[in-house]
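Examining the three-dimensional arrangement
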Amino acid sequence: MKRTFLLSAAMSLIAVAANASETEQAARSYLKGSVMPWANAPVLIEAIVAQNARTAGYDASKIDELDKTWRSEVGAGASALVDGVLTGAAAEFLREQVEGSGGAITEVFIMDHHGLNVAASAPTSDYWQGDEAKFQETFPNGADAVHVSEIEFDESSQSYQAQLSITLTDDTGAPVGAMTIGIDADALL
C-alpha cells in the first residue's frame, strides 16, 4: 500500500513538472511572437526612464511607505499614486495591448529600477514588485532575463493566468526596468 502511494505521488510530481515545462514553453513562444514586437516601445521606455530619475534616491523606507499607501488607496477612489500609474500614454498603450490580444493578455504593467509600478493596464494589488520573482529574476539579471510563473489565480485580474516577466532595455541595450504580462491560462494550453 505504501509503495503504491509513493508511486502515485511520484507520477503526480512528474505530471506537474511536465505541465510546468509545457506552460513555460508556451509562454516563451507567446513572448517571442506576440509581446516582443511591442515590448520596447518608446512610450514605455521613456516612462520608465523618467520615473527612474524621480525615484533614484528612494530608500527601502520610502518604497515601503509608497507600497502601504498604494494598498490602502487602490480601489478606494481617486488617488494621486494609483491614478498616476493608470493614466497617461504608457498606461493607455498597455491597455491597447490587452484589448488587442483577443483575451490572451489579462494584464500588463511596467516597473522601474526599484520594482515600483510605472504604468499598468489595470490596478495591481501592490505598488512595489521588487520583492517578487517577477522583478528579482528579470531586471537584476540583465537584458535577456525572463521569468515565467506557474499558472495560478490572480486577484488583480480575477483570472487564472501565468505571469511572464522580462527586463526592458533602452536603445543602448541597458536595462531600465521590467514588464510583467499576465497571460490567460487558456491561451497557454
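For the structure, check the block above.
Procedures and definitions
- Residues numbered from 1 in each chain as written.
- Predicted model: local features only at pLDDT ≥ 70, side-chain atom pairs only at ≥ 80, totals over all residues.
- Heavy atoms only, no water.
- Helix = DSSP H or I, 4+ residues; strand = E, 2+ residues; numbered from the N terminus.
- Polar contact = N/O pair within 3.5 Å; in protein donor to acceptor, adjacent residues only side chain to side chain.
- Contact = heavy atoms within 4.5 Å.
- Core = buried A, V, L, I, M, F, W, Y, C linked by side-chain atoms within 4.5 Å.
- Buried < 20%, exposed > 50% of the residue type's maximum accessible area, 1.4 Å probe, protein only.
- Salt bridge = Lys/Arg side-chain N within 4 Å of Asp/Glu carboxyl O.
- Axes fitted to C-alpha atoms, helices over the stretch in contact; angles between N-to-C directions.
- Parallel < 35°, antiparallel > 145°, perpendicular 65-115°, else oblique.
- Left-handed = near helix turned anticlockwise from the far one by under 90°.

So, on to the side chain of Gln161. On the secondary structure map, Gln161 appears in strand 5 (residues 159-169). Among the polar contacts made by the side chain of Gln161, one reaches the side chain of Glu107 at a distance of 2.9 Å. Once residues lying within four places of it in the same chain are set aside, the contact partners of Gln161 are Thr106, Glu107, Glu150, Ile151, Glu152, Asp154, Gly182, Ile183, Asp184 and Ala185.

A few words now on the nonpolar core. If you look at the biggest cluster of nonpolar residues, it comprises 32 residues, and the most contacted ones within it are Trp38, Leu44, Ile110 and Met179. Among the elements of the structure, helix 1 (2-39), helix 2 (42-55), helix 5 (89-99), strand 1 (105-111), strand 2 (117-120), strand 5 and strand 6 (175-184) are those that each provide at least two residues to this core. Apart from the residues lying within four places of it in its own chain, the contact partners of Trp38 are Leu44, Phe93, Leu94, Gln97, Ile105, Val108 and Met179. Counting 15 residues, the second largest nonpolar core, distinct from the first, contains Trp70, Leu86, Ala120 and Phe135.

Within the structure shown, the criterion is met by six salt bridges. Residues Asp67 and Arg71 are paired through a salt bridge, measuring 3.0 Å at the closest nitrogen-oxygen approach. With a gap of four residues between them, Asp67 and Arg71 both fall in helix 3 (residues 60-73), about one helical turn apart. Among the residues examined, Asp67 registers a relative accessible area of 8% and is labelled buried. Judged by its relative accessible area of 47%, Arg71 falls in the partly exposed class. Salt bridges sharing partners connect three or more residues here, namely Asp67, Arg71 and Asp126.

It is worth spelling out the packing of helix 2 against helix 5 at this point. Here helix 2 crosses helix 5 at 140°, and the two axes come no closer than 9 Å. In terms of orientation, helix 2 and helix 5 fall into the oblique class. Crossing handedness for the pair helix 2 and helix 5: left-handed. Taken together, the residues of helix 5 that come into contact with helix 2 (itself represented by Val43, Leu44 and Ala47) are Ala89, Ala90, Phe93 and Leu94.

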